[in-house]
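Residues per chain are reported as follows:
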Amino acid sequence: MRFDILTIFPGMFDSYCNESMVKRAKAKGIIEIAIHDIRKFSAERHGKVDAIPYGGGPGMVMTPQPLYDAIMHAKTLNKGPVIYMSPRGKLLTHKKAQKLAKGGVSRKGKNKQAPGLILVCGRYEGIDQRVIDLCIDEELSIGKYVLTGGELAALVVLDAVSRFVPEFIGKHESTVEESYSEALGGKKEYPHYTRPPVFMDLEVPEVLQSGHHAKIKEWRKKKLT
Ligand code: SAM
C-alpha cells in the first residue's frame, strides 16, 4: 500500500518512518511512503504557502495554489483517495482504518480498488476551503481536540491503517483479536500478563497460569469491557 503525505514539515516524518514496524514494512515493500514538501510547489518567492484570512481574524491560512499543485502531483503517483487531516473531519475508528487499508472510501464511490492514500497535513488555521471543494475526497479527524498541524494525525492514520495491510503485522501479533475488533464484539481487550508470576506482591491471575485453555478463554471474555 502506498502513502503520499503532503506537508510543509517533511523532516517530521524521518524518525517515525525509519524505525520499527514501519521501517521493516517499507524494506519488505509491504508499504511505500513518499513525503512531499508543499513549499516546493509554491509559485511564490521563498516558497510562501500562507496568507491572511479573508474576513479577518487571527492566524494565517494555507493558500490554494501550492496545495493544489502538490495534490495534483501526488495523484499522478497514487490512485487512492485524497484525505485532509482535519479536526472537523469524521473520527478515525478501527473500522475506518480497516476500510482505508482495503482502499475503501470515498466520495462518489471513486477509487474503490486503490491500495493507497494521499494524506494532506494542514498548518496554521487550516487550508483554503476551495482546495477542499476541488480535491479532497474526505476529511478525517483523529480526535476531538486541535493539534498544531496535521503531521501527527497523518502518522496516526499511517500506523492504524498499515496494521491492516496484509503482512505488515509480524507472525506473533494479530489484528484479529484486538480492542474494537469484530472478534471481540467491538469491545476493549482483556488485560495482559507476562513473567514474572509475582511482581511487587501482585500475582498473575491463577487461571492464566493454569494452562486450562477453555477457562482462560472464559476469563478473557469476562474481562472484555
Ligand atoms: N482552525 C482549525 C479549527 O479550529 O478547526 C484548526 C487548525 S489546526 C491548528 C492546524 C491543522 O492541524 C489542521 O489544518 C489539520 O490539518 C491539523 N489538525 C489539527 N487537529 C486535528 C485533528 N484532531 N485531527 C486531524 N488533524 C488535525
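Cut-offs and rules
- Residues numbered from 1 in each chain as written.
- Predicted model: local features only at pLDDT ≥ 70, side-chain atom pairs only at ≥ 80, totals over all residues.
- Heavy atoms only, no water.
- Helix = DSSP H or I, 4+ residues; strand = E, 2+ residues; numbered from the N terminus.
- Contact = heavy atoms within 4.5 Å.
- Areas by Shrake-Rupley, 256 points an atom, 1.4 Å probe, with all protein chains shown as cover.
- Lys, Arg positive; Asp, Glu negative; His and termini not counted.
- Charge placed at Lys NZ, Arg CZ, Asp CG, Glu CD.
- Near = heavy atom within 4 Å.
- Polar contact = N/O pair within 3.5 Å; in protein donor to acceptor, adjacent residues only side chain to side chain.
- Nonpolar A, V, L, I, M, F, W, Y, C, P; charged D, E, K, R; others polar.
- Core = buried A, V, L, I, M, F, W, Y, C linked by side-chain atoms within 4.5 Å.
- Buried < 20%, exposed > 50% of the residue type's maximum accessible area, 1.4 Å probe, protein only.
- Pairing = 2+ DSSP bridges.
- Axes fitted to C-alpha atoms, helices over the stretch in contact; angles between N-to-C directions.
- Domains from an automatic or database assignment.
- Salt bridge = Lys/Arg side-chain N within 4 Å of Asp/Glu carboxyl O.

**Q** Where do I start with the overall build of the chain in this structure?
**A** Within the chain, the regular secondary structure consists of eight helices and nine strands. Projected onto the principal axes, the alpha-carbon positions of the chain cover approximately 70 × 35 × 35 Å. Within the chain, contacts between residues separated by at least 24 positions form 74% of all contacts whose residues are at least 6 apart in sequence. If you sum the accessible surface of the chain, you get close to 13600 Å²; carbon and sulfur atoms cover 55% of it. Side chains of the chain give 35 positive and 26 negative charges; the mean places of these two sets differ by 5 Å.

**Q** Explain the site of the ligand to me, please; I cannot follow it from the model alone.
**A** Near the ligand, the surroundings consist of 20 residues, among which Tyr84, Met85, Glu125, Tyr145 and Leu147 are the closest. Ile142 places a polar main-chain atom, nitrogen or oxygen, 3.1 Å from a nitrogen atom of the ligand. Leu147 places a polar main-chain atom, nitrogen or oxygen, 2.9 Å from a nitrogen atom of the ligand. Coverage of the ligand by the protein chains reaches 84% of its 580 Å² of free accessible surface. Put simply, the parts of the chain that give the shell around the ligand at least two residues each are β5 (82–91) and β7 (138–141). Considering every element that reaches the shell around the ligand, the biggest residue donor is β5, with four residues. Looking at side-chain class alone, the shell around the ligand contains ten nonpolar, eight polar and two charged residues.

**Q** Honestly, the nonpolar core in this entry has me stumped. Any pointers?
**A** Most often, soluble globular proteins have nonpolar side chains that are buried together. Counting residues in hydrophobic clusters, the biggest one holds 30 residues, and the most contacted among them are Ile31, Leu117, Leu119 and Val161. Taken together, the elements giving at least two residues each to this core come down to β1 (2–7), α2 (20–27), β5, α4 (94–101), β6 (116–121) and α6 (151–162). Sorting elements by how many residues they give to this core places α6 first, with six residues. Not counting chain neighbours up to four residues away, the residues in contact with Val161 comprise Met1, Phe3, Ala97, Leu100, Ala101 and Leu117. Formed by 18 residues, the second largest nonpolar core is a distinct cluster that contains Ile8, Leu67, Tyr84 and Val120.

**Q** Can you walk me through the sheet that holds β6 in this structure?
**A** For sheets, the rule is that strands pair by backbone hydrogen bonds, running either parallel or antiparallel. Read from one edge of the open sheet, five strands run β2-β1-β6-β5-β7, paired in parallel fashion. Since the sheet does not close on itself, it has two edges, and those belong to β2 (32–37) and β7, each with one partner. In this sheet, adjacent strand axes meet at a mean angle of 35° when their direction is disregarded. As judged from the four bridges shared by β5 and β6, these two strands associate in the parallel manner.

**Q** Can you help me understand the domain arrangement of the chain in this one?
**A** Interfaces are frequently sized by the accessible area removed from exposure as the parts join. On domain assignment, one finds that the chain holds domain 1 (2–162) and domain 2 (190–222). Using C-alpha coordinates to define each centre, domain 1 is positioned 42 Å away from domain 2.

**Q** Even after reading the chapter, I still don't get the pattern of salt bridges, so can you show me in this structure?
**A** Side-chain pairs of opposite charge can arise where the charged atoms are in close proximity. Counting across every chain of the model gives eight salt bridges. Between Glu32 and Arg2 there is a salt bridge, with the nearest N and O atoms lying 2.8 Å from each other. Residue Glu32 is located in strand β2, and its partner Arg2 is located in strand β1; the two are separated by 30 residues in the primary sequence. Across the pair Asp128 and Arg130 runs a salt bridge, and its minimum N-O distance is 2.7 Å. The partly exposed category is assigned to Arg130, whose relative accessible area is 46%. By sharing partners, the salt bridges in this structure join Arg2, Asp4 and Glu32 into a single network.

**Q** Would you explain the side chain of Asp4 in this entry?
**A** Relative to the helices and strands, Asp4 is located in strand β1. Taking the relative accessible area as the measure of exposure, Asp4 reaches 0% and is therefore buried. Within the local environment of Asp4, its side chain forms a polar contact with the side chain of His36, the two groups lying 2.7 Å apart. When sequence neighbours within four positions are dropped, the list of residues in contact with Asp4 reads Ala34, His36, Ala74, Leu77, Asn78, Leu117, Ile118 and Leu119.

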